[in-house]
Amino acid sequence: MLFARLHHIYTHRFESAYGDETTIGQAKREWAFSLAGYSRERIEYALERCKLELAWPPTIAEFCRYLIPRPEDLGLPTTREAYLEACQKSHAPLQAHWSHAAVHLAARNTGHFALRSEPERNTWPAFQKAYSDLVARVADGEELVVETAHALPEPDLSAEERLVEQLKAAGVEKTVAYPLAYYLEKPAGSPVRARYRDRAQEKLKALGVELTLPD
């Protein structure tokens with residue numbers, strides 16, 4: 001497939017480079033060895049770049065350089081644009097609208113906290129590597145997906161609210177009642193819940209409120 005495409009693209013210039021069957025056979029073996037492991041999509045991408053940028057058939061070294069995808073050729077932001085976007089949106093990554101999943105994933109792989117707090121000399125190389133790897137995956141035909149975290153269910157605070165109402169009815173100020181009832185957010189039967197309850201009971205006693213807190 002590769003040599004047929006090169007022949008169609010460069011016609012007589014290709015024939016002058018590979019003029020006989022023996023030369024073509026040896027060249028095919030060298031190219032096959034050099035391109036082993038690259039996807040069909042990546043090879044087609046390099047062919048398109050050669051067609052637009054090279055007047056003569058490429059050497060193996062030239063072709064291998066074209067196998068490294070440029071994000072802008074794939075409709076993605078340049079690496080610099082992607083880095084600036086990542087720095088800007090890492091302050092609220094879940095709420096941000098990202099230009100492409102590759103930018104979002106590269107920012108996440110680099111670390112949102114690092115991007116918004118560390119100097120560029122630390123984060124740029126890491127982002128550049130992460131983004132380059134993701135761009136290569138896009139060039140290979142992969143559709144990148146950002147998995148969103150599932151929201152945790154809202155905690156049941158009804159018992160805490162009921163106790164707050166009891167405390168308010170007993171004359172405890174609302175601003176004091178909520179901290180006293182906080183222990184109910186701890187796991188039932190746990191030592192930490194028991195400790196928080198005992199402290200709350202002592203504070204009630206100090207306030208002169210006769211009310212036994214529930215377990």
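For the structure, see preceding data.
A brief look at the structure comes next. Small disclaimer: the values here were computed from a predicted structure and weren't measured.

1. With respect to the pattern of salt bridges
According to the stated counting rule, one finds 14 salt bridges in the structure shown. With a shortest N-O distance of 3.2 Å, Arg-40 and Glu-44 are connected by a salt bridge. Taken together, the positions of Arg-40 and Glu-44, both in helix H4 (residues 40-53) and four residues apart, correspond to about one turn of that helix. The class for Glu-44 is partly exposed, based on a relative accessible area of 28%.

2. A look at the packing of aromatic side chains
The full count for this structure, using the stated rule, is seven aromatic pairs. Each ring, one from Trp-31 and one from Phe-63, has its centre 5.3 Å from the other, and the planes form 65°; the classification is edge-to-face. Linking Trp-31 in helix H3 (residues 21-34) with Phe-63 in helix H5 (residues 60-66), this pair joins segments that are 32 residues apart in sequence. Taking 5.6 Å as the distance between ring centres and 65° as the angle between the ring planes, the aromatic pair formed by Tyr-83 and Phe-127 counts as edge-to-face. Here Phe-127 lies in helix H9 (residues 120-139) and Tyr-83 lies in helix H6 (residues 79-89), a separation of 44 residues in the sequence. On the basis of relative accessibility, which here comes to 3%, the residue Tyr-83 falls in the buried class. Grouped by ring-pair contacts, the aromatic residues Phe-3, Phe-14, Trp-31 and Phe-63 constitute a single cluster.

3. With respect to the nonpolar core
Among the nonpolar cores identified, the biggest contains 20 residues, and Phe-127, Tyr-131 and Leu-144 are the most heavily contacted of them. Of all the secondary structure elements, the ones that give two or more residues to this core are H6, helix H7 (101-110) and H9. Not counting chain neighbours up to four residues away, the residues in contact with Tyr-131 comprise Pro-71, Leu-76, Pro-77, Thr-78, Thr-79, Ala-82, Ala-102, Val-103 and Ala-106. Counting residues in hydrophobic clusters, the runner-up holds 18 residues, among them Phe-3, Leu-6, Tyr-18 and Phe-63.

4. With respect to the packing of helix H10 (residues 158-169) against helix H11 (residues 174-181)
Closest axis-to-axis distance for the H10/H11 pair is 9 Å, and the angle between their directions is 135°. Considered as vectors, H10 and H11 are oriented oblique to each other. Considering only the axes of H10 and H11, their crossing is right-handed. Together, Glu-160, Glu-161, Leu-163, Val-164, Leu-167 and Lys-168 of H10 and Lys-174, Ala-177, Tyr-178, Leu-180 and Ala-181 of H11 make up the contact between the two elements. Its residues assigned to classes, the contact of H10 with H11 shows seven nonpolar, no polar and four charged.

What counts, and where the lines are drawn
Residues numbered from 1 in each chain as written. Predicted model: local features only at pLDDT ≥ 70, side-chain atom pairs only at ≥ 80, totals over all residues. Heavy atoms only, no water. Salt bridge = Lys/Arg side-chain N within 4 Å of Asp/Glu carboxyl O. Helix = DSSP H or I, 4+ residues; strand = E, 2+ residues; numbered from the N terminus. Buried < 20%, exposed > 50% of the residue type's maximum accessible area, 1.4 Å probe, protein only. Phe/Tyr/Trp six-rings, centres within 6.5 Å; stacked < 30°, edge-to-face > 60°. Core = buried A, V, L, I, M, F, W, Y, C linked by side-chain atoms within 4.5 Å. Contact = heavy atoms within 4.5 Å. Axes fitted to C-alpha atoms, helices over the stretch in contact; angles between N-to-C directions. Parallel < 35°, antiparallel > 145°, perpendicular 65-115°, else oblique. Left-handed = near helix turned anticlockwise from the far one by under 90°. Nonpolar A, V, L, I, M, F, W, Y, C, P; charged D, E, K, R; others polar.

All quantities given are derived from atomic positions and should not be read as evidence of function.
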